[in-house]
Amino acid sequence: MSKSTSQTQPTKVRPYAYVGEVCDYLGCSQSTLYYWIARDDMRFPKSTLLGQRAVWKWSDVEAWVNERLAIQPV
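Residues numbered from 1 in each chain as written. Predicted model: local features only at pLDDT ≥ 70, side-chain atom pairs only at ≥ 80, totals over all residues. Heavy atoms only, no water.

A. Seen up close, the sheet that holds strand S1 (residues 16-18). Overall, antiparallel pairing links the three strands, which are arranged S1-S3-S2 in an open sheet. Looking at strand neighbours, the two that pair on one side only are S1 and strand S2 (48-50), the edges of this open sheet. Direction aside, the axes of adjacent strands within the sheet are offset by 50° on average. Direction of pairing for S2 relative to strand S3 (residues 53-57): antiparallel, over a ladder of three bridges. Pairing of leucine 49 across the sheet is with alanine 54, part of S3. Running over the sheet, helix H3 (residues 58-71) touches S1 and S3 and is turned about 60° from S3. (Pairing = 2+ DSSP bridges. Helix = DSSP H or I, 4+ residues; strand = E, 2+ residues; numbered from the N terminus. Axes fitted to C-alpha atoms, helices over the stretch in contact; angles between N-to-C directions. Contact = heavy atoms within 4.5 Å.)

B. Region of the structure containing unusual backbone geometry. One non-glycine residue, arginine 43, adopts positive backbone phi at about 50°. Structurally, the position occupied by arginine 43 is in the loop between helix H2 (30-38) and S2. A relative accessible area of 57% places arginine 43 in the exposed class. (Buried < 20%, exposed > 50% of the residue type's maximum accessible area, 1.4 Å probe, protein only.)

C. Geometry of the environment of aspartate 41. Positionally, aspartate 41 belongs in the loop between H2 and S2. Judged by relative accessible area, which is 49%, aspartate 41 ranks as partly exposed.

D. Fine view of the pattern of salt bridges. Summed over the entire model, instances satisfying the criterion amount to three salt bridges. Arginine 39 is the partner of aspartate 41 in a salt bridge, and the nearest nitrogen-oxygen pair spans 2.5 Å. Salt-bridge contacts for arginine 43 lead to glutamate 67; the nearest nitrogen and oxygen are separated by 3.2 Å. Of this pair, arginine 43 sits in the loop between H2 and S2 while glutamate 67 sits in helix H3, and the two are 24 residues apart along the sequence. Among the residues examined, glutamate 67 registers a relative accessible area of 27% and is labelled partly exposed. (Salt bridge = Lys/Arg side-chain N within 4 Å of Asp/Glu carboxyl O.)

E. Highlighting the packing of helix H1 (residues 19-26) against H3. Direction vectors running N to C along H1 and H3 enclose 30°, while the axes themselves pass 12 Å from each other. Classified by the angle their axes make, H1 and H3 are roughly parallel. For the crossing formed where H1 meets H3, the hand is right-handed. Along its contact with H1, which presents Glu21, Val22, Tyr25 and Leu26, the element H3 presents Trp58, Val61, Glu62, Trp64 and Val65. Per-class residue counts for the contact of H1 with H3 are seven nonpolar, no polar and two charged. (Parallel < 35°, antiparallel > 145°, perpendicular 65-115°, else oblique. Left-handed = near helix turned anticlockwise from the far one by under 90°. Nonpolar A, V, L, I, M, F, W, Y, C, P; charged D, E, K, R; others polar.)

Below you can see the structure in the form of structure tokens.
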């Protein structure tokens, strides 16, 4: 079964997301996500540590997606 390219709203049982959840939402691999983080021109939101794991606020990730869509509409 092929993965749909349309984005769906994430299941928000908490206000933050782990790296795998962010990748699933964006439809990218972890290496691509970390590449975007390393590129200053991509302006991907900063993560924070929750224990020893990196997490992102869903609201920050969604704002980044909306910003990217405004720059390059689909």
